[in-house]
Amino acid sequence: MESVMATASSKPTLVVGARGSVGRRVLFELLDRQSPVRVSARRPEPGQFPTGIDVFAADLTDPKSLAPAFDGAGQVFLYANHEGVHGVIAAARAADVERIVLMSSGSVIHPSSRGNAITEEHREVEEVFRAASDLTVVPIRPLVLATNAVRFLDDAAAGDSPATDTVEGILGRPACGFDVWAADHAADFAVS
Ligand SMILES: NC(=O)c1ccc[n+]([C@@H]2O[C@H](COP(=O)([O-])OP(=O)(O)OC[C@H]3O[C@@H](n4cnc5c(N)ncnc54)[C@H](OP(=O)(O)O)[C@@H]3O)[C@@H](O)[C@H]2O)c1
């Protein structure tokens, strides 16, 4: 990630979703390197980011909100958002952004992940960006974010497993717990 985000441009890097677990690390890495940086969040609030950084309210699903954040940015660290990808492309073109670093997923090149809803969304986002061949887009494709797993472990140890609506939003049914998942998949582990 460090080398991908390194740039000779004097223009600031826009870190979209700079409160996210990866976005936050990208932000602090760039600050450590004294690279010019600006951030966006959908609903930024005072005190969420280090002082002295330009903060923009930008929602990837709202094209109008993107122009102020993109205008003047040299490169953009971007979370993949299926709904907003065409608006992002338009904003990047209008602002003449030099490079987009797209937070994708290693699952897009993993044959066993074909058909998985999250994988397919990432794949589609990458394809739309690939078709915008006038833009330079670098997909980052991690398979597992260990930092997230560690956070879940801490939460579980504290008896405080967070319930989010991400799975329900994508699959239309609530996420199941490990006990249900294990029962559903027990046959997969049977030794014949
Ligand atoms: N977990 C894994 O092992 C794994 C592996 C490979 C790939 N991935 C991919 O990594 C990504 C998750 O990364 P993460 O853990 O850093 O996520 P995270 O901590 O949940 O942060 C997500 C960020 O996305 C921003 N965001 C969400 N919707 C947005 C919108 N409509 N407009 C603008 N910003 C928006 C949020 O910004 P605000 O809320 O501040 O606006 C937030 O900062 C997912 O795409 C996932 O598929 C995860």
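Preceding this paragraph is the structure being described.
Report on the accompanying structure.

### Quick look at the site of the ligand
Phase 1 of the analysis: Lining the immediate environment of the ligand, one finds 22 residues, of which Gly17, Gly20, Val22, Ala41 and Arg42 sit closest.
Phase 2 of the analysis: No other element matches helix H2 (residues 21–32), which puts 3 residues into the shell around the ligand.
Phase 3 of the analysis: When its residues are assigned to classes, the shell around the ligand shows 11 nonpolar, 8 polar and 3 charged.

### Things to note about unusual backbone geometry
Peptide bonds are mostly trans, and most non-glycine residues show a negative phi.
Phase 1 of the analysis: In this structure, Gln34 takes a positive phi of about 60 degrees despite not being glycine.
Phase 2 of the analysis: Relative to the helices and strands, Gln34 is located in the loop between H2 and strand S2 (37–41).
Phase 3 of the analysis: The phi angle at Asp96 is positive, at roughly 55 degrees, despite the residue not being glycine.
Phase 4 of the analysis: Residue position: Asp96 is located in the loop between helix H4 (85–94) and strand S5 (99–103).

### Describing the sheet that holds strand S6 (residues 137–140)
Through backbone hydrogen bonds, the strands of a sheet pair up, either in parallel or in antiparallel fashion.
Phase 1 of the analysis: Across the sheet, 6 strands lie side by side as S3-S2-S1-S4-S5-S6; this open sheet has parallel pairing. The sheet is open, and its two edges are formed by strand S3 (54–57) and S6, each paired on a single side. Across the sheet, the axes of successive neighbouring strands diverge by a mean angle of 20 degrees, strand direction being ignored.

### Regarding the pairing of strand S4 (residues 75–79)
A regular strand places its side chains on the two faces of the sheet in alternate fashion.
Phase 1 of the analysis: The element S4 is extensively covered by neighbouring structure, given that 4 of its 5 residues are classed as buried.
Phase 2 of the analysis: Two elements, strand S1 (residues 13–16) and S4, share 3 bridges in a ladder whose sense is parallel. Each residue of the ladder has a partner; that of Leu14, found in S4, is Val76.
Phase 3 of the analysis: Note that S4 and S5 share 5 bridges and pair parallel. Bridging from a neighbouring strand, Tyr79 pairs with Met103 of S5.
Phase 4 of the analysis: Running through H4, the crossover from S4 to the neighbouring parallel element S5 is right-handed.

### Here's the deal with the nonpolar core
Phase 1 of the analysis: Counting 36 residues, the largest nonpolar core has Val15, Phe70, Val76, Leu78 and Ala92 as its most contacted members.
Phase 2 of the analysis: For this core, the elements supplying multiple residues, two or more each, are S1, H2, S2, helix H3 (63–70), S4, H4, S5 and helix H5 (117–131).
Phase 3 of the analysis: For this core, the element with the highest residue contribution is H4, accounting for 5 residues.
Phase 4 of the analysis: The residues contacting Val15, other than those within four sequence positions of it, are Gly23, Val26, Leu27, Val37, Val39 and Phe77.

### Observations concerning the packing of H3 against H4
How two helices sit against one another is set out by the angle between their axes and by the gap between those axes.
Phase 1 of the analysis: Here H3 crosses H4 at 35 degrees, and the two axes come no closer than 9 Å. Here the hand of the crossing between H3 and H4 comes out right-handed. Facing Pro63, Leu66, Ala67 and Phe70 of H3, the residues of H4 in contact are Gly87, Val88, Ala90, Ala91, Ala92 and Ala94.
Phase 2 of the analysis: Residue classes in the contact of H3 with H4 are distributed as 9 nonpolar, 1 polar and no charged.

### Here we look at H3
Since there are 3.6 residues in each turn of an α-helix, residues three or four apart along the chain are aligned in direction.
Phase 1 of the analysis: Taken together, the buried positions of H3 are Leu66, Ala69 and Phe70. Along H3, the residues classed as buried sweep out an arc of 85 degrees about the axis, all on the same side.
Phase 2 of the analysis: At the C-terminal side of H3, Gly72 shows a positive phi close to 95 degrees.

The rules we used
Residues numbered from 1 in each chain as written. Predicted model: local features only at pLDDT ≥ 70, side-chain atom pairs only at ≥ 80, totals over all residues. Near = placed C-beta within 6 Å. Helix = DSSP H or I, 4+ residues; strand = E, 2+ residues; numbered from the N terminus. Nonpolar A, V, L, I, M, F, W, Y, C, P; charged D, E, K, R; others polar. Pairing = 2+ DSSP bridges. Axes fitted to C-alpha atoms, helices over the stretch in contact; angles between N-to-C directions. Buried ≥ 20, exposed ≤ 12 C-beta atoms within 10 Å, placed from the backbone. Right-handed = clockwise from strand over helix to strand, strands pointing away. Core = buried A, V, L, I, M, F, W, Y, C linked by C-beta atoms within 7 Å. Contact = placed C-beta atoms within 7 Å. Left-handed = near helix turned anticlockwise from the far one by under 90°. Arc of directions from axis to C-beta.

Take it as geometry only, folks, not as evidence of what the structure does.
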